[in-house]
Amino acid sequence: MRFQKRYALLLFWLVALCGNAQEMPIHYDLGENYSDRYKFSTVLSINGSDEKTVMVRTYYGGMPLRPKGHFIAVYNADMNLETDYNYKYAGKHMVDGFVRNGQLYLLELKYDDRSEAYAYVVHQSPLHDFNFTERTILSVPSKTVLNPLAVNKYNRNFGNGFSTATFFNDDRSAFAITVHHREGKAEKYHMYLYGTDLKQQMVYDFSDQIVEKNYAFENIAVSKDLKTLYLMGKAYFKKRRFDAKERRFQYELVRVTNSGHQTQEFNEGGRFPEALKPLLSDGELTAVGFYADRKDKRYNGLVYFKLDAKTLALQTKKYNPFSEQFMLDKFGREVNAEIKNLIFKDVHITEKKEILFSAEEYFVTTGNDIGDSSTRKVENYHYNDIVCAKLAADGTMEWARNINKTEVTRGDEAYASYTAFGKDDSMYFFINSGEHPQKLGRNRIIFKQGYSKNPNMFVIRLNGSGEMDYQKLIDDKEVRLPIMVSRPLIDKERGQLLFYAKRGSKKQLVKVGFGVPKTTKEGK
């Protein structure tokens, strides 16, 4: 086992308006570079348990590639590989994995031909002695459909007879399952809430509410006692007529208990909320996101709502237009610029109840892939600019900044996008990029895609005043494998992140921590 510990020493300005830079209190350790017999794999889940790291990967084989099984690796606190296990079960729709009380759980959606029903099945095994057993936690009669999982939660349509989605809360203590299906000619919609001990906490029939609307929920919040579920998402109108100035959906927040539900609609005339996120902190319920003055998703600023946690009555609302500094960050002096396609990513609440909110510019385009003898349509996934804003405890926006970034991928999105980590009153963003950011003029720079060739990890900091700086944390002289920058294990209690780096048959763990390391060993 070898460790390399060093501080990245160079700090650069992102914009001329930044204050005096200070070295970021960040260090990193490198784990052993291991060989791996599964060249093609994706990460299903990465979890922490008793200072151990449990990684579950789906591996692929054959031609064309298809899932063959799941490889499980358990690492200790020093990133040493303690044990691994090949679970030779692929599963057609493996949803997620999590760890609780020394047990690994893999959640799968599968179709049972004998009972003619879709079932959520849990594969469970102790970590100290792998021996998987299965149990069904939910079964819903239905005919088979092409795609039962509502993978795209941001634009969900119900037309194939069965659609389901799973949502974990932020601390992964619970997960909700929504099921939209048919019983004869009738459409049914049910909501289920489970703790990660797999005890069912709630089941609720939401069928009456889908007569006029289809729901595409995006985010959830759950009370600490797991008795109240909040779901935020889009409600698509089915039969209402619209004029050219209206859009066909509105955001709604639904509060559900076993005894009933309440709904809050966000449909103020001339204001169109987007990417709303419910936040439940110390019994107080708020929602933050973006808004547009037009229905075409050209965002104009950030919105804040404070609601009664029991009745959903609206207590406070604030619309904060983007600042001149934000527009300068993103566009320079461009006129008639558009801000759109923002997807919520992360939120950090400070001790003063201030909210640091981040989102990413995400969209999908189609193109042609020209092979040896044919051309086929492919989807390109774009992960572009990062938006971050700070709201005061009362919802007033103190600042908003834009980090220029451009990435596109057709493969594993784990190497693209970013990870945000909130600490004290600052927000840190970890991204993969090329050797150096490119200058755009007018004190603006842009981070460009670099994970496919140059595995450089950068960290960008926004402090409590909205001042920005950055540094290259790890380069290809330190880690010669691309890092899955958007799929780390985040340990907020210890103030550290664990990243996975892999290419082909080589793999390595990278631990990033805050503060001064306990020991310092000079690397090569």
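Residues numbered from 1 in each chain as written. Predicted model: local features only at pLDDT ≥ 70, side-chain atom pairs only at ≥ 80, totals over all residues. Heavy atoms only, no water.

1. Thoughts on the overall build of the protein
Right, on to step 1. Each helix and strand in the protein was counted, giving one helix and 37 strands.
Right, on to step 2. When each of the 524 residues of the protein is scored for burial, the buried share is 55%.
Right, on to step 3. Across the protein, contacts joining residues at least 24 apart in sequence account for 51% of those joining residues at least 6 apart.
Right, on to step 4. On the protein, roughly 24700 Å² of surface is accessible, and the fraction owed to carbon and sulfur atoms is 45%. (Helix = DSSP H or I, 4+ residues; strand = E, 2+ residues; numbered from the N terminus. Buried < 20%, exposed > 50% of the residue type's maximum accessible area, 1.4 Å probe, protein only. Contact = heavy atoms within 4.5 Å. Areas by Shrake-Rupley, 256 points an atom, 1.4 Å probe, with all protein chains shown as cover.)

2. What about the sheet that holds strand β8 (residues 93-100)?
Right, on to step 1. Reading across the sheet, the four strands line up as β8-β9-β10-β11 and stay open at both edges, with antiparallel pairing between neighbours. Looking at strand neighbours, the two that pair on one side only are β8 and β11 (133-141), the edges of this open sheet. Direction aside, the axes of adjacent strands within the sheet are offset by 20° on average. (Pairing = 2+ DSSP bridges. Axes fitted to C-alpha atoms, helices over the stretch in contact; angles between N-to-C directions.)

3. Quick word on the pairing of strand β6 (residues 66-75)
Right, on to step 1. Burial runs high along β6: seven of the ten residues are buried.
Right, on to step 2. Examined bridge by bridge, strand β5 (residues 52-61) and β6 share nine bridges and lie antiparallel to one another. Within β6, the position partnered with Y59 by the bridge is G69.
Right, on to step 3. Connecting the antiparallel pair β5 and β6 is a turn made up of four residues, with G62 showing a positive phi of about 85°.

4. Section: the environment of L226
Right, on to step 1. On the secondary structure map, L226 appears in the loop between β16 (213-222) and β17 (229-237).
Right, on to step 2. For L226, a relative accessible area of 14% translates into the label buried.
Right, on to step 3. For the pair formed by L226 and G195, sequence separation is 31 residues and the distance between their alpha carbons is 7.2 Å.
Right, on to step 4. With residues up to four places along the chain from it excluded, the contact list for L226 reads S173, A174, L193, G195 and Q201.

5. Re the pattern of salt bridges
Right, on to step 1. As enumerated under the stated definition, the model contains 21 salt bridges in all.
Right, on to step 2. Notably, a salt bridge pairs D293 with R271, separated by 3.7 Å at the nearest N-O pair. You can see D293 sitting in the loop between β21 (284-292) and β22 (299-307) and its partner R271 sitting in the loop between β19 (260-266) and β20 (272-281), a full 22 residues away along the chain.
Right, on to step 3. We note a salt bridge from K353 to D282, for which the minimum N-O separation is 2.3 Å. On the criterion of sequence distance, the pair formed by K353 in the loop between β24 (342-349) and β25 (355-370) and D282 in the loop between β20 and β21 is long-range, its members being 71 residues apart.
Right, on to step 4. For K353, a relative accessible area of 37% gives the class partly exposed.
Right, on to step 5. One connected set of salt bridges, linked through shared partners, spans D36, R57 and K507. (Salt bridge = Lys/Arg side-chain N within 4 Å of Asp/Glu carboxyl O.)

6. What about the packing of aromatic side chains?
Working definition: an aromatic ring pair is given by the centre-to-centre distance plus the angle between the planes.
Right, on to step 1. Per the counting criterion, the structure on display carries 36 aromatic pairs.
Right, on to step 2. Both rings, one in F168 and one in F175, keep their centres 5.2 Å apart while their planes meet at 35°; by these two values the pair is tilted. Each member of the pair, F168 together with F175, is buried.
Right, on to step 3. Residues Y189 and F217 carry aromatic rings whose centres are separated by 6.5 Å and whose planes lie at 75° to one another, so their mutual orientation is edge-to-face. Of this pair, Y189 sits in strand β14 (residues 186-195) while F217 sits in strand β16, placing them 28 residues apart in sequence. (Phe/Tyr/Trp six-rings, centres within 6.5 Å; stacked < 30°, edge-to-face > 60°.)

7. Digging into unusual backbone geometry
Peptide bonds are mostly trans, and most non-glycine residues show a negative phi.
Right, on to step 1. Note that the residue after M63, namely P64, is joined by a cis bond; omega there is 5°.
Right, on to step 2. Relative to the helices and strands, P64 resides in the loop between β5 and β6.
Right, on to step 3. Phi at D50 is positive, roughly 50°, even though this residue is not glycine.
Right, on to step 4. Residue placement: D50 occurs in the loop between β4 (41-49) and β5.

8. Here we look at the nonpolar core
Right, on to step 1. F290, F322, I355 and F357 are the most contacted members of the largest nonpolar core, which has 24 residues in total.
Right, on to step 2. Elements represented by at least two residues in this core include exactly β20, β21, β22, α1 (324-331), β24, β25, β26 (375-391) and β27 (397-403).
Right, on to step 3. If we ignore the near neighbours within four places in the chain, the residues touching F322 are F290, Y299, N300, G301, L302, M327, I339, M397 and A400. (Core = buried A, V, L, I, M, F, W, Y, C linked by side-chain atoms within 4.5 Å.)

9. Brief notes about the sheet that holds strand β15 (residues 200-205)
Right, on to step 1. One open sheet accounts for four strands, arranged β12-β13-β14-β15; its pairing is antiparallel. Either end of the sheet is taken by a strand with one partner, and the two such strands are β12 (162-168) and β15. The mean angle between the axes of side-by-side strands here comes to 15°, regardless of whether they run parallel or antiparallel.
Right, on to step 2. With five bridges connecting them, β14 and β15 associate as antiparallel partners. Pairing of L193 across the sheet is with M202, part of β15.

10. With respect to α1
Right, on to step 1. Three or more residues of α1 are buried, namely F326, D329, K330 and F331. Projected down its long axis, α1 carries its buried residues within an arc of 160°, all on one side.
Right, on to step 2. Between a side-chain oxygen at the N-terminus of α1 and the backbone nitrogen of F326 the separation is 3.1 Å; the capping residue is S323. (Arc of directions from axis to C-beta. Polar contact = N/O pair within 3.5 Å; in protein donor to acceptor, adjacent residues only side chain to side chain.)

11. Topic: the pairing of strand β32 (residues 444-448)
Regular strands place side chains that alternate from one sheet face to the opposite one.
Right, on to step 1. β32 sits mainly inside the fold: four of its five residues count as buried.
Right, on to step 2. Note that strand β28 (residues 405-409) and β32 share two bridges and pair parallel. Bridged to K405 within β32 is F447.

12. What about the confidence of the model for the protein?
Right, on to step 1. In this model, the protein carries an average pLDDT of 86, and 86% of its residues clear a pLDDT of 70 or more.
Right, on to step 2. Long-range and interchain partners of residues 1-21, a stretch whose pLDDT sits below 50, account for 74 contacts in this model, where long-range means more than four residues apart. (pLDDT = per-residue confidence, 0-100.)

13. Notes on the environment of K238
Right, on to step 1. Tracing the backbone through its elements, the reader meets K238 in the loop between β17 and β18 (249-257).
Right, on to step 2. Through-space distance from the C-alpha of K238 to that of E212 is 5.5 Å; in sequence the pair is 26 residues apart.
Right, on to step 3. Beyond its immediate sequence surroundings of up to four residues, K238 is in contact with E187, I210, V211, E212, K213 and N214.
Right, on to step 4. A distance of 3.4 Å separates the side chain of K238 from the side chain of E187, its partner in a polar contact.

14. Points about the environment of P141
Right, on to step 1. Checked against the element boundaries, P141 lands in strand β11.
Right, on to step 2. The class for P141 is exposed, based on a relative accessible area of 55%.
Right, on to step 3. For P141, the residues in contact, after removing those within four places along its chain, are E116, A117, H181 and R182.

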